[in-house]
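Listed here are the chains, written in short residue letters.
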Amino acid sequence: METLRSFVRTVWQKDEAQRPAGPAGQRMANADGNTYWVKPDKKAGSSELGRVTTPRNKAGIRTDFYEFYWADITRGTTTQHLAGWVRGLLVRPYSSVPSRVRVIWWTLWALAIILATAFLISVLKSWGVHEIACSPQSKNLICVLVNNTLSWFRFIDDHIGVWFKVVIAVPVVVIIVRELASRPGTNEFYNPLSYITPAVVIFFTCAALLLIAEAEAYLFLGSVFIGSLLHRGLVPYLGDVVRYTQPNPENIRQRREVAERGLKLLRDLHDSGKYDRIVIAAHSLGSIVAYDLLRLFWTEYGPNAANAPCAHAEEALADLDQWLADVRRKDSDGWDIEVFRDRQHTIAAALACRACDSPKELPPRKPWLITDFVTLGSPLSHADFLIAKTKDELRTMVRERRMPTCPPLFECDSDKGGAASFRYEDDGQRLPHHASVFSAVRWTNIHDQPNRFFFLFGDLVSGEAGHHFRAHGCDQHRDVSGVKDVKVWIKARRFGLWRSRLLTHTKYWAWENTLGKELLPRHVAVLRNAINLLDQ
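Residues numbered from 1 in each chain as written. Predicted model: local features only at pLDDT ≥ 70, side-chain atom pairs only at ≥ 80, totals over all residues. Heavy atoms only, no water.

A. The arrangement of the overall build of the protein in detail. From N to C terminus, the protein includes 15 helices and 15 strands. For the protein, the proportion of its 536 residues judged to be buried stands at 45%. (Helix = DSSP H or I, 4+ residues; strand = E, 2+ residues; numbered from the N terminus. Buried < 20%, exposed > 50% of the residue type's maximum accessible area, 1.4 Å probe, protein only.)

B. Region of the structure containing the sheet that holds strand β3 (residues 37–40). Reading across the sheet, the three strands line up as β3-β4-β5 and stay open at both edges, with antiparallel pairing between neighbours. Two strands close off the open sheet at either side, each with one partner strand: β3 and β5 (64–65). (Pairing = 2+ DSSP bridges.)

C. Region of interest: the sheet that holds strand β7 (residues 370–376). Read from one edge to the other, the open sheet built from four strands follows the order β6-β7-β12-β13, with strand pairing classed as parallel. The two strands at the open ends of the sheet, each matched to only one other strand, are β6 (278–283) and β13 (484–487). Going across the sheet, the axis of each strand differs from the next one's by a mean of 15°, ignoring polarity. Sheet strands in contact with helix α15 (residues 522–531) are β6, β7, β12 (442–447) and β13, and its direction is about 160° off that of β7. (Axes fitted to C-alpha atoms, helices over the stretch in contact; angles between N-to-C directions. Contact = heavy atoms within 4.5 Å.)

D. Expanded view of the packing of aromatic side chains. Enumeration over the complete set of coordinates arrives at 14 aromatic pairs. Chaining the aromatic ring pairs together yields one cluster made of Tyr 291, Phe 373, Phe 438, Trp 443 and Phe 469. Residue placement shows Arg 328 over the ring face of Phe 410; its charged tip is 4.4 Å from the ring centre. Here Lys 366 stacks its cationic end above the ring of Tyr 301, 4.9 Å away from the centre of that ring. (Phe/Tyr/Trp six-rings, centres within 6.5 Å; stacked < 30°, edge-to-face > 60°. Lys NZ or Arg CZ within 6 Å of the ring centre and 35° of its normal.)

E. Seen up close, helix α12 (residues 337–352). Given a rise of 1.5 Å per residue, 16 residues ought to cover 22 Å, and the 22 Å separating the end C-alpha atoms of α12 matches this to within 8%. All of the buried residues in α12 are Phe 340, Arg 341, Gln 344, Ile 347, Ala 348, Ala 350, Leu 351 and Ala 352. With a side-chain oxygen positioned 3.0 Å from the backbone nitrogen of Glu 338, the residue opening α12 is Asp 336. (Expected span 1.5 Å × (residues − 1). Polar contact = N/O pair within 3.5 Å; in protein donor to acceptor, adjacent residues only side chain to side chain.)

F. Spatial organisation of the confidence of the model for the protein. On average, residues of the protein carry a pLDDT of 75, and 60% of them reach 70 or more. In this model, residues 183–195 is a region of pLDDT below 50 whose contacts with residues beyond four sequence positions or in other chains number 19 contacts. Here residues 513–517 is a poorly scored stretch, pLDDT under 50, and it has six contacts once near neighbours within four places are set aside; other chains count. (pLDDT = per-residue confidence, 0-100.)

G. Highlighting the pattern of salt bridges. Tallying each qualifying case throughout the model produces 16 salt bridges. Two residues, Asp 321 and Arg 423, come together in a salt bridge whose shortest N-O distance is 3.0 Å. Separated by 102 residues along the polypeptide, Asp 321 in helix α11 (residues 311–327) and Arg 423 in strand β10 (residues 423–426) bring together distant segments of the chain. The same class applies to Asp 321 and to Arg 423, which are both buried. In this structure, a network of salt bridges that share partners links the residues Arg 277, Asp 372, Arg 442 and Asp 535. (Salt bridge = Lys/Arg side-chain N within 4 Å of Asp/Glu carboxyl O.)

H. Highlighting the nonpolar core. Within the largest apolar cluster, 63 residues are counted, with the highest numbers of intra-cluster contacts made by Trp 368, Ile 370, Phe 373, Phe 438, Trp 443 and Phe 469. The set of elements that each furnish at least two residues to this core consists of α9 (249–271), β6, α10 (285–301), α11, α12, β7 and α14 (391–399). The greatest single-element share of this core, amounting to ten residues, is contributed by α10. Residue contacts for Phe 469: discarding those within four places in its chain leaves Tyr 291, Leu 380, Ala 383, Met 403, Pro 404, Thr 405, Cys 406, Trp 443 and Val 483. Counting 22 residues, the second-largest nonpolar core is a separate cluster that includes Phe 7, Val 8, Ile 446 and Val 526. (Core = buried A, V, L, I, M, F, W, Y, C linked by side-chain atoms within 4.5 Å.)

I. Just the pairing of β12, in detail. Within β12, six of the six residues are buried, which leaves the element mostly enclosed by the surrounding structure. With burial as the criterion, each face of β12 is covered, one bearing Arg 442, Thr 444 and Ile 446 and the other bearing Trp 443, Asn 445 and His 447. Examined bridge by bridge, β7 and β12 share five bridges and lie parallel to one another. When the sheet's bridge partners are listed, Thr 375 is paired in β12 with Asn 445. In this structure, β12 lies alongside β13, joined through four bridges in parallel fashion. Bridging across to β13, Ile 446 finds its partner in Val 486.

Right, here's the structure in full:
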């Protein structure tokens, strides 16, 4: 619930643009900003959760915020889940490694070689081996490297003082203990008794170093430190992504449970009759989950043979279809993503209309209320090696309509003179196909993609998604992307006034003061504009 409340504070409470002028605005504001309330709501799926509701803003719109929670279903992610995927990434052909992650690929290989070498050296030293015999004629490179490494370890043991080692070791031990004793994802210890643990571990470590003073002790500390960082930094984030996307029986069962809970929430929101518009904002792995939910929910509440669109919606779909066919011609330069998004909004408004003018013998039409899909730090930017194994496999999944594109994928019909459309004929009516959800939903992808050589500064998980989810054209059409990729530059406060771009994956709605002045960070402004609570 705290995640949702911090999100609401950024996009609603501190946004003065939402506050109406006059007495109404004064009533809805408190000392911290715009007021809001947390109310129990069964649609959230848990008694521990609720909905955050607001008064009406200056456009007369009241907003409810819901959090879709599924961590209890995907619990139990371990280092082994991540290690299996890392092994698969390392052994894949270099040509299939995306260019933007090749530095990471080389870094992982370097770490693997270093750790394997260190392990070998430790084994040899424990056996009393200080040098291995090398044939001068063979000039064995591995033999030379092993002997040079053994010599380096002997130099450390012989020339570096014990106290110098202790001075180096103590900060590392403090970090290790703090990582192991604190709550995952926070800097808080579990309880006051945990403060005893660092003192005890540091005492015995220093005593052991005074007695041993061997390089192996530092190898052990370094291994534990790296393992701790991997366990707390990668497993809770990338580990869950890997586990969700890998097709094994246990993961498929969990994905089904997550989908069922998410679809139930969307059905309840649509069937409540309380809302005119729904925006899905998703972060990290949540963006993959939300993408799957949109794909599945479109087959239920989107226009289809059992849920025929009204005449106004059918006309809007036909206009978009024709416009896309015109501007995507290879000899046309008329593609404009903002015009495309305006047409998406028109279709969404038509599908949201609850008054149905379809034949009376049909059941009441289900309205489609989702207008926007906002992704933050999304792993979908790496779909070509997270979801698929190669770009060709991802393209095959798109062609088979397992993965919706933005704009929708065209069906090339050679029997009609090469006509292309994302709609098909059904009993005299033209209906959009099941992978055309982004004919009505605008997709904004906010990312803080780092430099490929300094991948720890920024959001390693994020990146542009449009190149993966663009609509592939027929022979006479070109590929275009309707995903609005927006790059931001997040600087998060670390210590005092010092600000850093180190690992910004969880900072997309962080509100930070800049040198004591209340300045609106660009990433917050971009997020507010994408969600558009004023519905402008």
